[in-house]
Amino acid sequence: MTSPFERLRTDFGTAMAGAGLGLPAANRLCVACVDLLEVDGAAISLMYLGATQGTFGSSGALSRRLDEFQFTFGEGPCLDAVAAGRPVLVADIGNPNERRWPTYAAAVLAAQIRAVFALPIAVAATPVGVLDLFRHLPGPLSLDGLVGGMLAAELAALLLLDVMTQDVNWAAAHGNTGWSALASLERVEVYQATGMLIEQLDVSGADALVRLRAHAFVSGQTVSEVAWAILERRLRLDADEPRADG
């Protein structure tokens, strides 16, 4: 008799057959999670130094937006999952007793999502990302869903390992130079816009990113949406925008 793990492994193998590597394969893995794990959305967050760096694959636009909320607000289950090194499973983010991420939770609920599950992705025992699973209805992740999610996280680790072994200088990309190092990720627009703000406002990379996040929060947008507005010259942040030092 085939065990649930063996069945899920076979199903994921079938779903990923011929997917190759990189972002297209990551997107396909997220879609497979939706098909196989009784969730409504999935996204893979890339992490660096405890912060989200990009949405490396998603099952659709909503999942990518939900992942960006964590980057925009600097809080959420994927950050906690990496910090703790274990899954963060929230059966009902609308539960009055769930108070860990007030700003993130409000945005997720407004998007009509009630359950969120974050599974760490590790390479050589080091957390490098998180598989985020979303569901419109409240309720815990089933045992099969958890097993399948952990299997999917292992597959995601292989995809991230491929990216990490390419010629990518993460340290440089996190500072004031090397913004093109994240060109393979969907959030590259944030780093391009941050680079523009560094030049326009004569501020540090950290201060520029804070200004982006602050404007996103006040305007009810994601950081990526604000970044695109800056890149397309539809928005210009003034020198009196919020600073990192308050």
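Residues numbered from 1 in each chain as written. Predicted model: local features only at pLDDT ≥ 70, side-chain atom pairs only at ≥ 80, totals over all residues. Heavy atoms only, no water.

**With respect to the pattern of salt bridges**
In step 1: Tallied over the entire structure, the rule returns 7 salt bridges.
In step 2: Ionic pairing is found between Arg64 and Glu68, a salt bridge with its closest N-O pair at 2.5 Å. Taken together, the residues span about one helical turn, with Arg64 and Glu68 both in helix 3 (residues 61–73) at a distance of 4 residues.
In step 3: For the salt bridge of Arg234 with Glu232, the shortest nitrogen-to-oxygen distance reads 2.8 Å.
In step 4: When salt bridges that share partners are traced, they join Arg7, Asp11 and Asp144 into one network. (Salt bridge = Lys/Arg side-chain N within 4 Å of Asp/Glu carboxyl O. Helix = DSSP H or I, 4+ residues; strand = E, 2+ residues; numbered from the N terminus.)

**Concerning the side chain of Ser58**
In step 1: Residue position: Ser58 is located in strand 2 (residues 51–58).
In step 2: The buried category is assigned to Ser58, whose relative accessible area is 9%.
In step 3: From its side chain, Ser58 meets the backbone oxygen of Gly60 in a polar contact 3.3 Å long.
In step 4: With near-sequence residues (within four places) excluded, Ser58 lies in contact with Asn27, Cys30, Ala42, Ala43, Ser63 and Arg64. (Buried < 20%, exposed > 50% of the residue type's maximum accessible area, 1.4 Å probe, protein only. Polar contact = N/O pair within 3.5 Å; in protein donor to acceptor, adjacent residues only side chain to side chain. Contact = heavy atoms within 4.5 Å.)

**Description of helix 9 (residues 205–219)**
In step 1: With 15 residues, helix 9 extends 21 Å from end C-alpha to end C-alpha; this agrees with the ideal 21 Å at 1.5 Å per step.
In step 2: Within helix 9, the full set of buried residues consists of Gly205, Asp207, Ala208, Arg211, Leu212, Ala214, His215 and Ala216.
In step 3: In the stretch just after helix 9, Gly220 is the one whose phi turns positive, near 70°. (Expected span 1.5 Å × (residues − 1).)

**What to know about helix 2 (residues 22–36)**
In step 1: Compared with an ideal rise of 1.5 Å per residue, which puts 15 residues at 21 Å, helix 2 spans 21 Å between its outermost C-alpha atoms and is within 8% of the ideal.
In step 2: Positive backbone phi, at 60°, marks Glu38, one or two positions downstream of helix 2.

**Quick word on the nonpolar core**
In step 1: Of all hydrophobic cores here, the largest spans 32 residues; its most connected members are Phe12, Leu29, Cys33, Ile44, Ile121, Leu131 and Leu133.
In step 2: Among the elements of the structure, helix 1 (4–16), helix 2, strand 1 (41–48), strand 4 (115–123), strand 5 (126–135) and helix 6 (143–164) are those that each provide at least two residues to this core.
In step 3: When residues in this core are grouped by element, the largest group, 7 residues, is from helix 6.
In step 4: In contact with Leu29, other than residues within four places in its own chain, are Phe12, Met16, Ile44, Ala152, Leu155, Ala156 and Leu159. (Core = buried A, V, L, I, M, F, W, Y, C linked by side-chain atoms within 4.5 Å.)

**Things to note about the confidence of the model for the protein chain**
Close reading of the predicted structure is inappropriate where its pLDDT is low.
In step 1: In the predicted model, the protein chain carries a mean pLDDT of 81, and 83% of its residues have values of at least 70.
In step 2: Per-element mean pLDDT across the protein chain ranges from 41 in helix 7 (residues 170–173) up to 96 in strand 3 (residues 88–90).
In step 3: Contacts from residues 167–186, a stretch scored under 50 in pLDDT, to residues over four places away or in other chains number 42 contacts. (pLDDT = per-residue confidence, 0-100.)

**Let's talk about the environment of Gly94**
In step 1: Structurally, Gly94 can be placed in the loop between strand 3 and helix 5 (102–110).
In step 2: Separated by 15 residues in the primary sequence, Gly94 and Leu109 have C-alpha atoms spaced 6.9 Å apart.

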